[in-house]
Amino acid sequence: MKLLRLRLLVGITAATTALSWAGAKLWASLDTLPAVPGAAPVVLAAVAVILLATAISLRSRLKAARERQPGAKGVDPLGAARAVVLAQASALVSSVVTGVYAGAGIYLLGELDVQARQDQALTAGLSVLAGAAVIAAALWLQHVCKLPEDHDDPSGPATSHR
């Protein structure tokens, strides 16, 4: 499984931000710009907490198994693979969602003289922060589940012991 890179996620977020800003500008010209949902930062923060808790749990279990502590509960390889897939999917979706709220927020910064737009801009900003937290937690979970390279094998990490 190939690991996600921060560079890719930043690129997706930047492209989505530009498209979202242009879309918000066009939509506002029709006087129908939808409101930023108030639940967005809460949902994103909840996802970040779940990913963080999963990473902390797996990290402690992997450390206990590596140190051969008595009673250490091992990590199912399939469960770790599922955690990586969850992390990668969360990071990709969050980078798009973060870009959407960043673009809308940038547009709303030009309309701060209206109280409703101030509230929406604040919600969009909080959504961007929570989205960044999801991306950070997902990348850390991916890192926690990464298999260590075998430095003792002179033929390199691509070969396996039989």
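Refer to the preceding data block for the structure.
So, here is what we can say about the structure in this document. Per chain, the residues get numbers from 1 upward, laid out in the order the sequence is written. Reporting of local features is limited, given that this is a predicted model, to residues whose pLDDT is at least 70; pairs of side-chain atoms are given and counted only at 80 or more, and all residues count toward the totals for whole chains, interfaces and linings. Excluding hydrogens and water, the side-chain values take into account all heavy atoms of the structure.

### Structural notes on a nonpolar patch on the surface
We count it as follows: Within the patch definition used here, like charges are joined within 9 Å and nonpolar side chains (Val, Leu, Ile, Met, Phe, Trp, Tyr) within 5 Å, considering only residues with over 30% relative accessible area and no salt bridge. Surface exposure here means Shrake-Rupley accessible area, sampled with a 1.4 Å probe, where a residue is shielded only by the protein chains that are shown. By definition, a salt bridge exists where a carboxyl oxygen of Asp or Glu is found within 4 Å of a side-chain nitrogen of Lys or Arg. Helix and strand labels come from DSSP, where a helix needs a run of H or I of at least four residues and a strand needs a run of E of at least two; each type is numbered from the N terminus.
A cluster of nonpolar residues, Leu 122, Leu 126 and Leu 129, forms a patch on the protein surface that exposes about 310 Å² of accessible area. Along the chain, the position of Leu 126 falls in helix H4 (residues 115-144).

### Description of the side chain of Gln 88
Formally: Summary of the burial criterion: residues with accessible area below 20% of their type's maximum are buried, those above 50% are exposed, and those between are partly exposed, where the area comes from a 1.4 Å probe applied to protein chains only. Any two residues whose heavy atoms approach within 4.5 Å at even a single point are treated as in contact.
Inspection of the secondary structure assignment puts Gln 88 in helix H3 (residues 77-109). Residue Gln 88 is classed as buried on the basis of its relative accessible area of 13%. Once you skip the residues sitting within four places of it in the chain, Gln 88 turns out to touch Met 1, Lys 2, Leu 3, Leu 4 and Gln 142.

### Overview of the environment of Gln 120
Mapped onto the elements, Gln 120 comes out in helix H4. Sequence spacing of Gln 120 and Leu 108 is twelve residues, and the spatial spacing of their C-alpha atoms is 7.4 Å. With near-sequence residues (within four places) excluded, Gln 120 lies in contact with Pro 34, Ala 35, Val 36 and Leu 108.

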